[in-house]
Amino acid sequence: MDRVTKTYNRRGSALERVSLHVEPKEFVIIVGPSGAGKSTLFKLLTREEKPTSGKIIVGGIDYDKLKDKDVPLLRRKIGVVFQDFKLLLNKTVYENVAFALEIAGIPNREIKHTVPKVLDLVGLKGKERNYPLELSGGERQRVAIARAVVRQPKILIADEPTGNLDPKHAWDVIKVLEKINRYGTTVLLTTHNQDIVNSLKRRVVTIKDGQIAGDRAVGQYKGA
Ligand code: ADP
């Protein structure tokens, strides 16, 4: 992102001349108080919102040149998980993940081959037939992660994925994110959990009032 500004209305900018470069396969934690502009940054990356000014290039795709018809292709490269999971409650664990492939027109044979592998990756082997409400919060979030990565995106955005979880389940989720990152996916994580920030020893970008207030390389985060 190069000097990206996003103004929703006259009250001021949600993001103000934000420049941020993330390397492929990096794991970046984005912190900052509520209203700082973190979700706006993610919405610009997924093209749910367009910047008011500034340049965005993701994986070689210049958003200024991106046509509306190419947005689905872009979204395939970016998986997203949210604090509230957003699972389909009337579908099983298996079906929730398979559905992401079905709507993409992936053949059944490939779905049957892929889904078990992804569920294994997130540690949910044996839970295929369970419904979301039969799972713990941490397990639900891992289903959401499985669904987000089943089409092998280049980037995984995790917007406060541990916000609804107790510490043990939060760590299970973080460990899965680290594993996915080790396999080569860029991870962008927001969290308010200081223990996670301190323990992960990853780059920490701090956003405050729509601007980058800190960008710390791997090392101990001591708060902004
Ligand atoms: P964060 O994710 O860090 O909590 P947001 O990106 O959601 O921050 O919000 C940044 C600022 O932009 C806030 O002042 C918020 O009220 C405002 N904002 C976010 N989305 C919209 C919108 N769709 N319309 C108007 N203002 C918005």
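As the structure is a prediction and not an experimental result, all values here were calculated from the model.

S.K.: Is there a simple way to think about the domain arrangement of the protein in this case?
M.R.: How large an interface is tends to be reported as the accessible area lost when its parts come together. Per the domain assignment, the segments of the protein are domain 1 (1–77 + 154–224) and domain 2 (87–152). Taking the mean C-alpha position of each, domain 1 and domain 2 sit 24 Å from one another. On the domain 2 side, the residues contacting the 13 residues of domain 1 number 13 residues. Taken over both partners, the interface formed by domain 1 and domain 2 buries close to 1,100 Å², and the fraction arising from carbon and sulfur atoms is 71%. Our enumeration of links across domain 1 and domain 2 arrives at zero salt bridges. Our count for the contact surface shared by domain 1 and domain 2 stands at two residue pairs in polar contact (both at pLDDT 80 or more). No other element matches helix 6 (residues 167–182), which puts seven residues into the side of domain 1 that touches domain 2. Here the side of domain 1 that touches domain 2 is composed, by residue class, of eight nonpolar, one polar and four charged.

S.K.: What is the right way to look at the sheet that holds strand 9 (residues 186–190) in this model?
M.R.: Strands pair in a sheet through their backbones, by hydrogen bonds, and they do so in one of two ways: parallel or antiparallel. Taken in spatial order, the six strands of this open sheet run 7-8-9-3-10-11, and their pairing is mixed. Taken across any chain shown, the strands that pair with only one partner, and hence form the sheet edges, are strand 7 (78–82) and strand 11 (211–216). Each adjacent strand pair in this sheet contributes to an overall mean axis angle of 20°, direction not counted. In this structure, strand 3 (residues 27–31) lies alongside strand 10 (residues 203–208), joined through four bridges in parallel fashion. Residue pairing across strands places valine 28 opposite arginine 203, the latter belonging to strand 10. In the packing of helix 5 (residues 137–149) onto the sheet, the strands contacted are strand 7 and strand 8 (155–159), and the crossing angle to strand 7 comes to about 165°.

Thresholds applied
- Residues numbered from 1 in each chain as written.
- Predicted model: local features only at pLDDT ≥ 70, side-chain atom pairs only at ≥ 80, totals over all residues.
- Heavy atoms only, no water.
- Domains from an automatic or database assignment.
- Contact = heavy atoms within 4.5 Å.
- Buried area = accessible area lost by both parts, 1.4 Å probe.
- Salt bridge = Lys/Arg side-chain N within 4 Å of Asp/Glu carboxyl O.
- Polar contact = N/O pair within 3.5 Å; in protein donor to acceptor, adjacent residues only side chain to side chain.
- Helix = DSSP H or I, 4+ residues; strand = E, 2+ residues; numbered from the N terminus.
- Nonpolar A, V, L, I, M, F, W, Y, C, P; charged D, E, K, R; others polar.
- Pairing = 2+ DSSP bridges.
- Axes fitted to C-alpha atoms, helices over the stretch in contact; angles between N-to-C directions.

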